[in-house]
Amino acid sequence: MAKRNPSLKNKTDTTESKQSIFAFLKTKQAQTIFGFFLMSFSFFLCIAFISFFSKGQEDQSTLHHLSDRAIKSENLLGKFGANLSHFFIFRGFGIAGFIIAYQLFLSGLFILFKRKLSKIIVSWNYGLTAMILCSVTFGFLPEKYAVLSGVIGFEINDYLIDFIGKTGLTILLFFLFLAYVIVRYKITFDQLINLIKEKKAAFTHQNKQAEEEHITSNAAEEVSASIPLSSDKKKQSEFEKSVIDLKPTISKHSDTHKKNEKIRLTVEEKIEPEKATASVITDEKKVEINIEEIAEEKSVAENLSDKLVKDFGEFDPTLELANFKFPTFNLLKQYNETISIDPEELEANKDKIVETLKNYKIGIAEIKATVGPTITLYEIVPEAGIRISKIKNLEDDIALSLSALGIRIIAPIPGKGTIGIEVPNQKSTVVSMHSVISSKKFQESSMELPIALGKTISNETFVVDLAKMPHLLMAGATGQGKSVGLNAVLTSLLYKKHPAEVKFVLVDPKKVELTLFNKIERHYLAKLPDVEEAIITDTTKVVHTLNSLCIEMDNRYDLLKLAMVRNIKEYNTKFKARKLNPNDGHQFLPYIILVIDEFADLIMTAGKEVETPIARLAQLARAIGIHLIVATQRPSVNVITGIIKANFPARIAFRVTSKIDSRTILDAGGADQLIGRGDLLYTAGNEINRIQCAFVDTPEIEKITDFIGSQKAYAEAYQLPEYVDDDSGTTMDIDIGDRDKLFRDAAEIIVTAQQGSASLLQRKLKLGYNRAGRLIDQLEAAGIVGGFEGSKARQVLVQDFVALDHLLGNEQGN
Ligand SMILES: Nc1ncnc2c1ncn2[C@@H]1O[C@H](COP(=O)(O)OP(=O)(O)OP(=O)(O)O)[C@@H](O)[C@H]1O
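Given the structure is predicted, the values throughout are model-derived calculations rather than measurements.

A. Spotlight on the confidence of the model for the protein. Residues at a pLDDT of 70 or more form 79% of the protein, whose mean pLDDT is 78. Note on residues 296-302: pLDDT is under 50 here. Beyond four places in sequence and across chains, it has two contacts. Predicted complex metrics record ipTM = 0.97 and pTM = 0.56.

B. Highlighting the UniProt feature "transmembrane region" (unreviewed entry) in the protein. Those residues carrying the UniProt feature "transmembrane region" (unreviewed entry) are residues 33-53, 88-113, 120-141 and 161-183 in this numbering. Secondary structure across residues 120-141 divides into 86% helix and 0% strand, with the first and last C-alpha atoms of the span separated by 32 Å. Secondary structure content for residues 161-183 is 100% helix and 0% strand, while the C-alpha to C-alpha distance between its ends is 26 Å.

C. Expanded view of unusual backbone geometry. In this structure, P470 follows M469 across a cis peptide bond, with omega equal to -5°. Relative to the elements of secondary structure, P470 occurs in the loop between β6 (461-465) and β7 (472-475). A positive phi angle is found at R677, which is not glycine, with a value near 50°. Note that R677 resides in the loop between α23 (659-666) and β13 (679-683). With phi around 50°, Q754 is a residue other than glycine that occupies positive phi space. Inspection of the secondary structure puts Q754 in the loop between α25 (743-753) and α26 (758-765).

D. Structural context of the site of the ligand. Surrounding the ligand, one finds 14 residues, the nearest of these being T478, G481, K482, S483 and G678. Broken down by element, the residue count for the shell around the ligand peaks at three residues, all from helix α16 (residues 482-496). Classifying every residue of the shell around the ligand gives four nonpolar, eight polar and two charged.

E. Fine view of the sheet that holds strand β12 (residues 650-653). Strand order across the open sheet formed by nine strands is β6-β5-β14-β13-β12-β7-β11-β10-β8, with mixed pairing between neighbours. Single-partner strands in this sheet number two, and they are β6 and β8 (502-507). When the angles between neighbouring strand axes are averaged without regard to direction, this sheet yields 30°. Taken together, the two bridges between strand β5 (residues 450-455) and strand β14 (residues 688-693) define a ladder with antiparallel strand orientation. When the bridges of β14 are listed, K455 appears paired with Q692. Across the sheet, helix α18 (residues 539-563) touches β8, β10 (591-596) and β11 (626-632), and the angle it forms with β8 is around 150°. Packed onto the sheet, α23 meets β7, β12, β13 and β14 and runs at close to 155° relative to β12.

Calculation criteria
Residues numbered from 1 in each chain as written. Predicted model: local features only at pLDDT ≥ 70, side-chain atom pairs only at ≥ 80, totals over all residues. pLDDT = per-residue confidence, 0-100. Contact = placed C-beta atoms within 7 Å. UniProt positions renumbered as here; feature names shortened; annotations may be inferred. Helix = DSSP H or I, 4+ residues; strand = E, 2+ residues; numbered from the N terminus. Near = placed C-beta within 6 Å. Nonpolar A, V, L, I, M, F, W, Y, C, P; charged D, E, K, R; others polar. Pairing = 2+ DSSP bridges. Axes fitted to C-alpha atoms, helices over the stretch in contact; angles between N-to-C directions.

Encoded structure:
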């Protein structure tokens, strides 16, 4: 049987043990141990240094007697501590030597948390620079404090003073400190920072290379350690060959032994050297792989967004119109808004209320008045035992007795055990848009889409968030303040939102109300491509726009799905943090607000064609930032249908003519008892608030739109996706020869995704909407996708590639 050569075996063992040590050093355990070691050592240094500053002088004489056990050291960490401190503090950098301890601690932490080597190196660069700067600065101190600067700091300081004088050195140090701070904390001048960073990166790279070379040379050492193995063997084999040539006799014991050895060696010659080579190659490969691992592609990808944010800052959607100025307050008119309380009026009303209630045998325990801009709320605490429903039932009688318009009884006031009677003031005060816009509440609101609607009965500014509503239904008889209300909503948003953050789609069948907003078309409006006017007045265009908004909604949902977020806010936050790649179709999404001024008119002329997309948008669009504001004069049930109502939880009712209308809008009475001129009831599903709408006049709107319109704008209005009408659709017998050259690719994408949408093709093939739409038509003609189903994705009629090949093959055969 073949026997191993002992010397060879030893060498193989050494190589193996080296390999295993090397492998161990790369394990997580070894790294953890090393991390903790560095941290402990940093503590050790710290204690030694502190101790050095108190006992260092006494230890001076013991320094060179490291091995002499008879000599004791005063340093808390003994002679070793004393020597280390002497080296780093006295002979080195003085008090700045603590930075070494700090750096060691940091490196230990970095290793434990598996930070990249380059980070550790960068941190050491900073640390060492700071150390030298500090120690040279301390060199300014008188000689008796030389220990604070250390020999290095003192000498450099001395040397530089000879050269550039004390003042020169002070300036130099100041500059260097400044530069250090700028670089370290990236305070200013991006380019400067980037430049220095590049240099630093190059330095890091060099270090890395040096290290890689070091690793490679280590590996090479190991490799070379194993190479003699084969050359030894070779020598031996040559020797063996000569032995064979000698043809030894069996009687020669030693020869027999050698022959045996030869057999074994021959075997080794055949196998072992191969093995050795294999192991060399594997080792080399291992080394190479490790070097590539240092490049850590994975972690670069993970930190790409962080890096981008670090280099360029967060994405700023407002950058294109960075100099955009929000309208100023002085564009809005100021009115005298001090509410004058007429004590006589209050007293007279109170007496009337008490008397009327007395007639119905309702005793009052207490009465309190809150005077608002247009109405006064009398809060009544009835005597014990009076049933609230009794007062509620007497509403009309009380109103009659008080012979005043607009009496509304709130019995009981939600959250309070009192009854409220709202009586209009004889002299009402106008609530100006100026006062609500300039209010602290509005200015400091952190809402997504804040709307300053007006003032409450207690004269507080009433601000609501359109993004939370999420859609608003507005109704009121003609001349009661609806248009002013709409203008107030739009004005609020113009004062708070940058053109990059919000876009309006304005529908104005009356053609007069919203015309002024034409001036801000390229700032704030969205429109269909190839449409002249951004403000839509024509019913057909309204239908197209609504369907286009549905497509925009679907596209946005696709983007949200891709980005794995639930709503527009999260999406935009992620986009701003540069976590979404614009090359994948991602972009900053502005809120889109669809305002329809005369809804009844549209329903009358277009019916279901308008109702269906509106209902769809209302149901689904909240998460992707499309919000609807629909106003109507006629709040009848055939205009505000069940499906619309169900999806518009926020409602504003101006004065209406009948209780039924009030019920249609608010699901409660009250709107018929309002006094008009902007007096409104607002509900977001629960309680009803009475608000005096802020008044904004046409000249004010004109000034605001002029102010915005005169500023730099985008090249065009925000483009909504193109909507191809069913009727205007192409004929389906499209010639095979006329097919787009991306037809096959498009078909494969659709079949793979099993989803027939143009937006999918747009994204995957990076096409414009028109071309994607044409492709879909061709796919439909080829029988790959089904017919048009509104804004829903089309059905895919081909299951897999085999079926697709079959279908297209058949076509060619025909
Ligand atoms: N908030 C308000 N404060 C004071 N006056 C108001 C307010 N709102 C409306 N008015 C007065 O009511 C008038 C009619 O308002 P507005 O034009 O908004 O009515 P409307 O409901 O839009 O009418 P239509 O439906 O016929 O267009 C205004 O010209 C103004 O004088």
